Structures are given as C-alpha cells and as structure tokens.
Amino acid sequence: MTPATLYGICAAALVAIGLFGLILHPTPLRKVISFNLIGSGTFLLFGIAARRGAAAGFLGDPIPQAMVITGIVVAFAATALAVALLLRMLEAGAPTVDGSPDTPDDLSP
Amino acid sequence: MSLAVDLVMVLLILTTAVWTILVRDRRDAVIAFIVLGLLLSLVWMRLMAVDVALTEAAVGGGATGLVLLRACARLLPVEAEGALPGLRLQLAVGALCALVAAGLSAVILAPVDPAPTLAPAVAAHMDEVGMKNPVTVVLLAYRALDTLLEKVVLVLGLIGVWALAPDLFWGGRPASLRAATPSGTLDFLARVLPPVGVVIGIYLVWNGADHPGGTFQGGTALAAMWLLIMMAGLGELPETRALRLRRLVAVGPALFIAVGFAGFWMAGGFLSYPPGLAKPIIVAVEVALALSIAVILALMVAGPAAKEPER
C-alpha cells in the first residue's frame, strides 16, 4: 500500500467522522466544526488525486493543489460568516436547535 | 519504515478527529480541531504539496481555529452545552457514515492507470509565464478567474460579517481582541514576533513565484502579526467605517479586475497577460492581493462592529 492510498482511506474516514458530527450535534458551533472536518477530508481526497497525478517532473498535479488552496481560503470565509451568524442569532434571542435561554420549552427532544 | 510513520500519522489524525466530535466541552473540540489542522499540514508535506501544507497550517488550522476559539469565549455564558442524542440514533447515523467512508475508500482503492493528470499541460506553457512554482502559475495565470472570484468571495464574506452588526454600531469598532487577563508572555511575543513575521510574510509572497509560498500564505502571516498586536492590546482595532481600511480591503481585487479588463487590449482576452510581461504583472497583483488578504482575514477574525462609532 502506498502512502497516498493510506491517506486516501484516512480522508474517507475524516469525511465520515465529520458527517457523523454534522448530523448528530445539536449545537450550531459543533456543526460548524464538523462541517470543517468534512471539508478537510474532501481536500485530502484532492491531495491524493494530485499526488497520483505526479507527472512532467512535478511531484504532484498542480491543478488539484491550486483548487485545494482556493478551497481552504473559501472554507475559512464560510466558517467566519457562519460563526458571525450564529453569534448574532444568539444575541438576537432566536431559538436555536437546542433552545436559547429565553425559550425553555424548545424543539429538541 | 516510512509506511509505519504514515500509519502512526493516520492513527493520530483519526483519534484527533473522533475526539473533536465526541468531546463534551466545545473549547476542547476547537483545540482538537486546531491540532488536526497542524497534523493535516504534515500530511500535505508527505504528499509533496508544500504550498497546500503552508495554507492548511496558516488558514485551515490557525485562522479558522482563532475564529472558533473567539466564538467559544463569547458563547460560554449563553449557549448550553449540547450532548449527542441517544445511542440507537448514534448507531444508525454511524452505520450511514461508515457506508460513506466505505464508498469513498472503494474509489481510492480502485486502480486507475494511468492516473488522470493535467501536470504535462501545466508544464507545457510554464516558460511563457516565466515562473517556476507550478501552483502559483495555475492560481494566477491558467486559472486566474477562479482566484479572482475567490477574492470576491472573501470580500463578500467580509461584507456579510459586517452586515451582522446591529444598526446602532454600524461603522464602529469590532469587539476588542485583547486578552481578558494581561499576559506577560503575550505582550513579549507581540513585541518580538511581528518584525520577523512581517519579513516572513513578505518573503512568502515574493518567493511564491518560483518556490512554495504565495499570496495566501504570506497574507495570512501578515494578518497573524496584526492580530497578535491587537490581542496583546498594543494596537486598537480600526473602525469598520475607516476609509483607509476599506481601500486596503478593495485594492487587491480591484487591481486584479483592472488587470483582467486590461487583458482585452493587451492580449486579447479577459485576464490574459501579454507575452513577456506576465511575471511583472502577476507579481504586482500578488503584492496588492496579499495586502487585501491580510486585512480581510484579520477583520473576519475580529467580527462585526460591536461598539458605537465615535463622533
């Protein structure tokens, strides 16, 4: 087994672990973190494609690498916006999935 | 031998990832996430993608981690900790996720020969661009449109963050980044590190043409230094209405768009560069972009305005 294949399976597991958290965590911040795990796994899958595409004297295909760099920066922007949104949501007293202090009997089971 | 090292890395990464999801305290989850970012940047080194490793360490772990940590600090008194739902639901969702992992692993294990690659196409025209780092060439020459749109996404993201300020605070300063308890270490680092960090940032931008590095990595290093100074309380966050600040946010994307349109009469297409002049134009765009990225990243970490603008 080559390192690329090993890390490929690791990336698949990261996506699954992130998905697990995204579905099951009731609080928005934990969902954002889980979503970022899915992102990291997906980027790593791109990395495997890049490493396997090594040719023409390069150690990896630069196209997927460049896409991942763009992706990481966009993921950061999305995370920052999501965090700002959830902080504002709590400030405004809107009920979250698990309920804010103003709404004791909320939607959660 | 080296495969054993990889195996240990994979075990470390998966343990950290599971910890990130399962740990009860959200601050512990964020710290595990930052550790995961650093481990992943080591993996990117193993995959011979140094540019990505630098970006993952700086943006994926560092900047994202800082945003999440700040959110933790502000959430603690308000939002109750949420536990995972019942065991039966966990098992059902776990089975679903295992299925997803199995599907992705099957794709990874399926032999593709030869592996699809665009590396020869990248290599074919590198000389015309005049730069030696293939990733920078892809980002700023072949796929410059993607990079331009990504900058626009960053600016839109910042506008989105700013727009969440209550009407009363519009144009004011964001919530202070200063640590609640003064720390001698932080103060010392904030005085010693910035000169070094700024040089590293400029080096990464300048060097990105021919070696690993580039605008994102350099810009993030600059942003980190600015944030460090503000966290130690040695500098104040600017008001979000400050004209100079907004010009800095806009200068990179604006120059990029201008260069794009200039391509119509210089080389016959949007974002095309005239032969021989590609490198100087790209370096100029990169410098402006690095400045904008540094300011945008720092302001995104700082968040929306939280104080009334001063009269």
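Residues numbered from 1 in each chain as written. Chains lettered and ligands numbered in written order. Predicted model: local features only at pLDDT ≥ 70, side-chain atom pairs only at ≥ 80, totals over all residues.

## Quick word on the overall build of chain B
- In terms of helices and strands, chain B carries 12 helices and zero strands.
- Reading chain B from its N end, one meets helices and strands in the order α-α-α-α-α-α-α-α-α-α-α-α.
- Projected onto the principal axes, the alpha-carbon positions of chain B cover approximately 65 × 60 × 35 Å.
- Counting only residues that meet the buried cut, chain B has 41% of its 311 residues in that class.
- The long-range share in chain B, meaning contacts at least 24 apart out of those at least 6 apart in sequence, stands at 73%. (Helix = DSSP H or I, 4+ residues; strand = E, 2+ residues; numbered from the N terminus. Buried ≥ 20, exposed ≤ 12 C-beta atoms within 10 Å, placed from the backbone. Contact = placed C-beta atoms within 7 Å.)

## Describing the nonpolar core
All names here are of chain B.
- Among the nonpolar cores identified, the biggest contains 126 residues, and A294 and A298 are the most heavily contacted of them.
- Built from parts of two domains, this core gets at least three residues from each of domain 1 (1-116) and domain 2 (121-311).
- Setting aside residues up to four positions removed in sequence, A298 forms contacts with A223, W226 and L227. (Core = buried A, V, L, I, M, F, W, Y, C linked by C-beta atoms within 7 Å. Domains from an automatic or database assignment.)

## Looking at the packing of helix α8 (residues 144-163) of chain B against helix α11 (residues 243-266) of chain B
Residue and element names in this part refer to chain B.
- Where α8 meets α11, the axes come as close as 10 Å, and the angle between the chain directions of the two elements is 150°. When the interaxial angle is binned, α8 and α11 end up roughly antiparallel. α8 and α11 meet at a crossing whose hand is left-handed. From α8, L148, K151, V152, V155 and L158 reach across to α11, where they touch V249, G252, P253, F256, I257 and G260.
- When the residues that make up the contact of α8 with α11 are grouped by side-chain class, the tally is eight nonpolar, two polar and one charged. (Axes fitted to C-alpha atoms, helices over the stretch in contact; angles between N-to-C directions. Parallel < 35°, antiparallel > 145°, perpendicular 65-115°, else oblique. Left-handed = near helix turned anticlockwise from the far one by under 90°. Nonpolar A, V, L, I, M, F, W, Y, C, P; charged D, E, K, R; others polar.)

## As for the interface of chain A and chain B
- Opposite the 68 residues of chain A that make contact, chain B presents 78 residues.
- Among the secondary structure elements, those contributing two or more residues to the side of chain A that touches chain B are α1 (3-24), α2 (28-52) and α3 (62-91) of chain A.
- Per-element accounting of the side of chain A that touches chain B gives the leading share, 21 residues, to α3(A).
- Across the side of chain A that touches chain B, the residue classes tally to 47 nonpolar, 15 polar and six charged.

## Focus: unusual backbone geometry
Residue and element names in this part refer to chain B.
- A positive phi angle is found at M48, which is not glycine, with a value near 65°.
- Residue placement: M48 occurs in the loop between α2 (26-46) and α3 (50-75).
- Of note, L271 is a non-glycine position whose phi angle comes to about 65°, a positive value.
- With respect to the helices and strands, L271 occurs in the loop between α11 and α12 (278-302).

## Structural notes on the packing of α11(B) against α12(B)
Residue and element names in this part refer to chain B.
- Here α11 crosses α12 at 150°, and the two axes come no closer than 8 Å. When the axis of α11 is compared with that of α12, the two are roughly antiparallel. At the point where α11 passes α12, the crossing takes the left-handed sense. In contact with L245, L248, V249, V251, G252, P253, L255, F256 and V259 of α11, α12 contributes I281, V285, A288, L289, L291, S292, I293, V295 and I296.
- Per-class residue counts for the contact of α11 with α12 are 16 nonpolar, two polar and no charged.

## Observations concerning the domain arrangement of chain B
Residue and element names in this part refer to chain B.
- Segmentation of chain B into domains returns domain 1 (1-116) and domain 2 (121-311).
- A separation of 26 Å is found between the C-alpha centroids of domain 1 and domain 2.
- Taken residue by residue, the interface counts 11 residues in domain 1 and 11 residues in domain 2.

## Section: helix α9 (residues 184-207) of chain B
All names here are of chain B.
- Along its 24 residues, α9 runs 34 Å from first to last C-alpha, staying within 8% of the 34 Å computed at 1.5 Å per residue.
- Its maximal kink placed at L193, α9 deviates by approximately 45°, while the proline P194 follows within four residues.
- Residues of α9 that are buried include every one of A190, P194, G201, L204 and V205, and no others.
- Packed against the buried residues of α9 are α10 (215-231) and α12. (Expected span 1.5 Å × (residues − 1). Bend = angle between axes of the 7 residues up to and from the residue.)

## Thoughts on the environment of A:P62
- Structurally, the position occupied by A:P62 is in helix α3.
- The buried category is assigned to A:P62, around which 30 C-beta atoms lie within 10 Å.
- Once the C-alpha coordinates of A:P62 and A:T2 are considered, the two residues, 60 residues apart in sequence, prove to be 20 Å apart.
- The residues contacting A:P62, other than those within four sequence positions of it, are B:A119, B:V122, B:P134, B:V135 and B:V138.

## Section: the environment of B:R74
Residue and element names in this part refer to chain B.
- Note that R74 resides in helix α3.
- Owing to 17 C-beta atoms within 10 Å, R74 belongs among the partly exposed residues under this scheme.
- For the pair formed by R74 and Y273, sequence separation is 199 residues and the distance between their alpha carbons is 47 Å.

## Brief notes about α11(B)
Residues and elements named next belong to chain B.
- Spanning 24 residues, α11 covers 32 Å between terminal C-alpha atoms, matching the ideal 34 Å at 1.5 Å per step.
- The sharpest bend along α11 comes to roughly 40°, located at V251, with the proline P253 sitting one to four residues further on.
- Every buried residue belonging to α11 is among V249, G252, P253, F256 and V259, and all of these are buried.
- Summarising the contacts, the buried residues of α11 are in contact with α8 and α12.
- G268 sits one or two positions beyond α11 and adopts a positive phi of about 80°.

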